[in-house]
Amino acid sequence: MQVTTDQKLLRLIKVAPVVVVMIFAVLVNIFVVQDNRSQVKKDTANLRSDFLAQQREQIKAQIDQVYRQIEYAKASTENQLKETIRERILEAYGIAETIYQRNWDKPEAEVTRLITEALRSIRFNDGRGYFFIYKTTGENVMHPLLPQMEGTSKWDLQDVRGSYIVREMGAKVKAMGEAYYHWWFVKPTDKTKEFEKIGFGKYFEPYDWFIGTGEYLVDVENDIKTRLLKRINSIRFGENSYLFVFDYQGKVLAHALKDTIGTNQLADRDSSGQPYIQNLIQTAQQGGGYVRYINPYTPSTGEASDKLSYVRGVDDWQWALGTGIYLQEIEAYLGQREQQILSQHRDNLTKLLVLSFLVTAIVLLISLSLSKNIANRFHKLQRRISHDFDELEQTKNLMQQMAQHDALTELPNRLLLTQQIQQAIELSTSTDKQLAVMFADLDDFKKINDLYGHSTGDKLLQAISHKFAELIGQEDSVARFGGDEFVFCFPQLDCHNDALSRVELIKQVFAQPFEIDGKQLYSSCSIGVAIYPIDGNEPEELISKADIVLYKSKARQKGDVLFFDQSINEQVQHDFLLEEELRHALSRDEFHLTYQPQHQINDDQLHGVEVLLRWNNHRLGQVPPFEFIPLAEDTGLIHDIGLFVIEHACRDIARFNAGRNENIQLSINLSPKQLIAKDFIAQLVKRIDPTGLPYQSITLEITENVLISDLVAVTPVLQQLRDLGFSISLDDFGTGYSSLSYLNTLPINEIKIDRSFINKLLSNDQSDSLVKTIIAIGASCHMKVVAEGVETDEQLQRLSQYRCDIAQGYLLAKPIPFDELCTLYPSCEPKLSAEPSS
C-alpha cells in the first residue's frame, strides 16, 4: 500500500509542477490586469483629492500669512506714532538748542523769535504734523495753525473728556524732561465721535518751555491701511491668483481689476444668480472659510470662471481679505495628469504581460527538468523531512525572537514595537478609547558609562528594563528604542489623567537607587507623550511626536514630562523653516549690517562703532539675532556668516575713515564657534587685508561663555590676535561668575559693562556700586571701559562722574545703516552733553 502511494506521489511530482506553473501563470496574469485597473482608479482618485486639498491649504496659508502681517501692523500703530513724533520733537529740540547756544547772550524775545521762525513752517506726517510751544505756566508761545493763540494763556484748555491739556502736559514734561500725553478731541471731519490724540513734549529749560506735537491715532492707522492695501494690490500668486479686499459694506478696497477699486459690489451676483460678494463678506465675518462661486473676471482671459476662494475677516477694520483658485484650470491640469497616469499604467501592463509569458515559458521548461531530479531525490528527502522540519521550527522561533527583541534587555525592539502600537491602536479604536505613546530617555546616562564603565551601564539598563516590564499591564507594551531610550504604549485610556497616572508609574521606577555590583546608582528619566488619536493615527507619527516633546522636555528641565500639543508642533515647523531659510540667507543677500556709534565721554568725540547683523527674510520678515545666531552656531553656518560680517564691516569702516584725521574703532562680536575654529586667524586676516583697515582699528568682542567652554584652547588664540594688533573686549562684563579672573589671565584691553547694570544705575544702589567698581577695575588694569545701553542724560552724567571712558546706547544713536552713519558724522562733532567731573 505504501509503495502504491509513493508511486502516485512520484507521478504527481512529475506532472504537478507543470500544471501548477500553468495555473499560476494564468492567475498571475489575471491578477496583474485587475490590479492595474484598480491602481489606475486609485491613483486618479488620490491625485484629484490630494491636489484639491493642497490647493485649498495653499490659499488658506496665503491669507493667514497676510492676516498675520495686518495684525502686526495694527499692533504697532501706537508705537509707530510715538516713535515718529518723538523723533520729530527731538529734531525740533535740537534746532531750538542750537539757536539758543548760538544766541544765548541775546534777549529772550529775540531768541524766541528766531526759534519760532525756524519751527513754525515745519510740517510732517503728510502735512498734518506741526510743532507748538507753551510755557509750563500755560502761555502759548507758538501755534502755527492758530497764531492768534500766541501770547494767550491756555492754562484752562480742556479736551472733550475734561482733561487740562496744557496744564497736565506741561507739568508732566517738566517733571520728567520729556513725556507722552493722551487727550481726546472731536475731529472737524467727523463730529460724531471722539478720537484719541497722542502727543509728545520735551522740556526746554532755558525759557521754561515745552516743545510738543500731537497726532490722531486714527490718522496713523489710516496711513497704515493705505500702505497695506497698496502692498496687497501688488501681490500675485502665479498668473491668475491675486488678493482681494472688501469692506463689510461691499466696497472694493483691493483687487486685480483696478477699475473696480472704490466701487460697491455688495449687490453683485454671479451668472448663477448667487450674491457672491455678500457670501464672501458673511463668511469672513463668521470667522473665515471657503466660498465657491462663478467669478466674472479671470486675469488671464477676462472671462467668467468657476472659482473657490478662501476669505478671512479683519473685524477691527471691517475688511474681508481673500484669494482663490480657478477650478477650470485645476480640472484642465487634473485631466492632463490623469491621461498621463492612464498611459503610464498601460505601458507598464504591456511590459508585465510580455515578461510574464516569457517567464512562464522558461519556468515550464525548467520545471520539467527539475521534476525528474526531484523524483530521484524524493526518497532521500522523505527521510530528512521530519528531522529538518523540527530543526527549522526551532531556528525560526529563535530567529523571530532575535529579530524582534533587544539582545541586552530582552525587551521588544523597534520592529516589534511598531507592530504592538498598531495592534493597540486597532484595539483602542474598536473600544473608542485613547492610547498614549511615551518616549522615555534616561537622564545623564553617559555620565554613568564614563564614571563606572559600559558594563555597569549595561547592567543598569537591564535592571531598569526588568522594572519596566513588571509595571506594564496585559495590553500595554514597552520596548528598548535604542541606547538609553525606551518607548511605552498604553492603550485603552479614558482621559488625560489616565496617561498621567502611567507617567507616575514610570517615574516610580526611579524612586529608589539601583544596586549594581555593590554600588548604589541613582537615575531619572525625561518623558515625552503623544496621544492617539489627538496627535496622530500612525505608530511612526506617534513615536516621532513623542520623541519631539521628549527633547523639548529635556531642554526645559531634566526629569520632566511633556505632552505633545499644537504649539510645540508649530514651533518645530518654525524651527525647520528658520533653518531652511538661514541656509540660503547669504546666497540671497538677505543680511545687512547696522552700526551703533560709541562716544568718548570726556570730549564728546566719536570713538568707534559696533557692527550689528540684521536678517530680513522674504518669508519670515525681520528675524531677531537671538533667534538665528544660536541656530547658525548649531548648524555651522556661523563661520561663513561671521566672515561675511567681518569683510563687509571692515570695508565700510575703511571707507568711513578715509580722509579723516583719526580712525574710529570697529567692534565686531565673535561667536565661540568662530574663535575655536582651527583656521580662524588665517581666515580673519584673509578677509581683512584686502579692505585696508588696520588691525589696530578693530576690536574683537567675546563673551564669557567662550572662555568657560574651553579656556585652554582659547587663550593662545586671543594672544595671537593681540600680537597681530587686534584689541580684545570682554562683553557683558560682570554677568558671569569668574569675570575678574579673566582680567589677570587673558590679553584683554577693553571691558563692556552689561546693559542690565546701566538700566538700574540710577535706581539700584547695588548696580551703582558695581558699575563704579567695574570702572575702577578697568582704570587700574589700564583697560578701556565701555558702558552699553545708555539711554538717558542722567545715566550719562553719572558715568561721567565715575570717569567711564566710552558710552554706547540709544541716547547717542540707535543702530543705523552705513549710509546714515556717514550722513550723521560728516565730521566728528560733539554729540554728548555731559562734562567729566573734576
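Predicted model only: the values in this text are computed from it and were never measured.

1. Comments concerning the overall build of the protein
Here is step 1 of the chain: From N to C terminus, the protein includes 24 helices and 27 strands.
Here is step 2 of the chain: Here the protein has a C-alpha radius of gyration of 39 Å; the compact-globule value for 838 residues is 28 Å, and the former is much larger.
Here is step 3 of the chain: Principal axes of the C-alpha set define a box for the protein whose edges measure 140 × 85 × 60 Å.
Here is step 4 of the chain: Per-residue burial over the protein gives 44% buried out of 838 residues.
Here is step 5 of the chain: Here the protein contributes 87 positive and 113 negative side-chain charges, whose respective centroids are spaced 5 Å apart.

2. Concerning the pairing of strand E22 (residues 665–669)
Here is step 1 of the chain: Burial analysis of E22 places four of its five residues in the buried class, which makes it a mostly covered element.
Here is step 2 of the chain: Strand direction decides the pairing type here: strand E20 (residues 606–617) and E22, joined by three bridges, are parallel. Paired with Gly608 across the two strands is Gln665, which belongs to E22.
Here is step 3 of the chain: As judged from the four bridges shared by E22 and strand E23 (residues 698–702), these two strands associate in the parallel manner. By the bridge assignment, Ile668 is partnered in E23 with Leu700.

3. Observations regarding the sheet that holds strand E14 (residues 485–493)
Here is step 1 of the chain: Within the open sheet, the five strands sit side by side as E13-E14-E12-E17-E18. Their pairing is mixed. Whereas interior strands pair on both sides, the edge strands pair on one side only; in this sheet they are strand E13 (477–482) and strand E18 (561–563). Strand-to-strand twist in this sheet, taken as the mean axis angle between neighbours without regard to direction, amounts to 20 degrees.
Here is step 2 of the chain: Here strand E12 (residues 434–442) runs beside strand E17 (residues 525–532); their pairing, made up of eight bridges, is antiparallel. Its bridge partner lying in E17, Asp441 is registered against Ser526.
Here is step 3 of the chain: Taken strand by strand, helix H12 (residues 539–556) contacts E12, E13, E14, E17 and E18, and its axis lies near 145 degrees from that of E17.

4. As for the nonpolar core
Here is step 1 of the chain: Counting residues in hydrophobic clusters, the biggest one holds 78 residues, and the most contacted among them are Leu582, Tyr595, Leu666, Leu721 and Leu799.
Here is step 2 of the chain: Broken down by element, this core gets its largest block of residues, 10 residues, from helix H15 (residues 638–657).
Here is step 3 of the chain: Formed by 50 residues, the second largest nonpolar core is a distinct cluster that contains Ile115, Leu243, Leu308 and Trp317.

5. Some thoughts on helix H8 (residues 414–430)
Here is step 1 of the chain: Spanning 17 residues, H8 covers 24 Å between terminal C-alpha atoms, matching the ideal 24 Å at 1.5 Å per step.
Here is step 2 of the chain: Within H8, the full set of buried residues consists of Leu416, Leu417, Gln420, Ile421, Ala424, Ile425 and Ser428.
Here is step 3 of the chain: Asp432, located one to two residues past H8, shows a positive phi value of around 55 degrees.

6. Remarks on the pattern of salt bridges
Here is step 1 of the chain: Evaluation of the coordinates by the stated rule reveals 38 salt bridges.
Here is step 2 of the chain: Here Glu215 makes a salt bridge to Arg128, at a shortest N to O gap of 3.1 Å. Separated by 87 residues along the polypeptide, Glu215 in strand E5 (residues 209–216) and Arg128 in the loop between helix H3 (108–120) and strand E1 (132–135) bring together distant segments of the chain.
Here is step 3 of the chain: Its relative accessible area of 2% is what places Glu215 among the buried residues.
Here is step 4 of the chain: With its nearest N and O atoms 3.0 Å apart, the salt bridge here joins Asp441 to Lys554. Separated by 113 residues along the polypeptide, Asp441 in strand E12 and Lys554 in helix H12 bring together distant segments of the chain. By the burial criterion, Asp441 is buried, and Lys554 matches it.
Here is step 5 of the chain: Salt bridges sharing partners connect three or more residues here, namely Arg128, Glu215, Asp219 and Asp223.

7. A word on the packing of H8 against H12
Here is step 1 of the chain: At a minimum axis separation of 9 Å, H8 and H12 run at an interaxial angle of 105 degrees. The angle between H8 and H12 falls in the class roughly perpendicular. Facing Leu417, Thr418, Ile421, Gln422 and Ile425 of H8, the residues of H12 in contact are Pro539, Glu540, Leu542 and Ile543.
Here is step 2 of the chain: Class assignment of the residues belonging to the contact of H8 with H12 gives a composition of six nonpolar, two polar and one charged.

8. Things to note about the sheet that holds E1
Here is step 1 of the chain: Read across the open sheet, the five strands follow the order E2-E1-E5-E4-E3; overall the sheet is antiparallel. Edge positions in the sheet fall to strand E2 (140–142) and strand E3 (178–187), since each of these pairs with one other strand and no more. Going from strand to strand, the sheet's axes swing by 30 degrees on average, the running direction of each strand aside.
Here is step 2 of the chain: Here strand E4 (residues 190–204) pairs with E5 via eight bridges, running antiparallel. Along E5, the bridge assignment pairs Phe204 with Trp209.
Here is step 3 of the chain: Against the sheet, helix H4 (residues 165–176) engages E1, E3, E4 and E5, with an angle of about 165 degrees to E3.
Here is step 4 of the chain: Packing against the sheet, helix H5 (residues 217–234) makes contact with E3, E4 and E5, and its axis sits at approximately 50 degrees to E5.

9. Re helix H11 (residues 496–508)
Here is step 1 of the chain: Between its first and last C-alpha, H11 extends 19 Å over 13 residues, near the 18 Å set by a 1.5 Å rise per residue.
Here is step 2 of the chain: Buried residues of H11: Ala499, Val503 and Ile506, and no others. Each buried residue of H11 sits inside an arc of 60 degrees when the element is viewed along its axis, so together they form one side. Exposed side of H11, more than 90 degrees from the buried face: Asn497 and Gln508 are the residues found there.

10. Thoughts on the side chain of His255
Here is step 1 of the chain: Along the chain, His255 falls in the loop between strand E8 (252–254) and helix H6 (276–285).
Here is step 2 of the chain: On the basis of relative accessibility, which here comes to 9%, the residue His255 falls in the buried class.
Here is step 3 of the chain: At a separation of 2.9 Å, a polar atom in the side chain of His255 contacts the main-chain amide nitrogen of Leu257.
Here is step 4 of the chain: Residues contacting His255, with those up to four places away along its chain left out, are Asn233, Tyr242, Leu243, Phe244, Thr260, Ile261 and Tyr297.

11. Quick look at unusual backbone geometry
Here is step 1 of the chain: Here the bond from Tyr532 into Pro533 is cis, since omega is 0 degrees, no more than 30 degrees from zero.
Here is step 2 of the chain: On the secondary structure map, Pro533 appears in the loop between E17 and H12.
Here is step 3 of the chain: Despite not being glycine, Asp589 shows a phi value in the positive range, around 60 degrees.

12. Notes on the confidence of the model for the protein
Here is step 1 of the chain: For the protein, the mean per-residue pLDDT works out to 86, and 92% of the residues sit at or above 70.
Here is step 2 of the chain: Scored below 50 in pLDDT, residues 828–838 makes 31 contacts in the model with residues more than four places away or belonging to other chains.

13. Some details on the side chain of Lys135
Here is step 1 of the chain: Among the secondary structure elements, Lys135 is positioned in strand E1.
Here is step 2 of the chain: A distance of 3.3 Å separates a polar atom in the side chain of Lys135 from the backbone oxygen of Tyr207.
Here is step 3 of the chain: Residues contacting Lys135, with those up to four places away along its chain left out, are Glu108, Val141, Tyr207, Asp208, Trp209 and Phe210.

The rules behind the values
- Residues numbered from 1 in each chain as written.
- Predicted model: local features only at pLDDT ≥ 70, side-chain atom pairs only at ≥ 80, totals over all residues.
- Heavy atoms only, no water.
- Helix = DSSP H or I, 4+ residues; strand = E, 2+ residues; numbered from the N terminus.
- Rg over C-alpha atoms; globule rule 2.2 N^0.38 Å.
- Buried < 20%, exposed > 50% of the residue type's maximum accessible area, 1.4 Å probe, protein only.
- Lys, Arg positive; Asp, Glu negative; His and termini not counted.
- Charge placed at Lys NZ, Arg CZ, Asp CG, Glu CD.
- Pairing = 2+ DSSP bridges.
- Axes fitted to C-alpha atoms, helices over the stretch in contact; angles between N-to-C directions.
- Contact = heavy atoms within 4.5 Å.
- Core = buried A, V, L, I, M, F, W, Y, C linked by side-chain atoms within 4.5 Å.
- Expected span 1.5 Å × (residues − 1).
- Salt bridge = Lys/Arg side-chain N within 4 Å of Asp/Glu carboxyl O.
- Parallel < 35°, antiparallel > 145°, perpendicular 65-115°, else oblique.
- Nonpolar A, V, L, I, M, F, W, Y, C, P; charged D, E, K, R; others polar.
- Arc of directions from axis to C-beta.
- Polar contact = N/O pair within 3.5 Å; in protein donor to acceptor, adjacent residues only side chain to side chain.
- pLDDT = per-residue confidence, 0-100.

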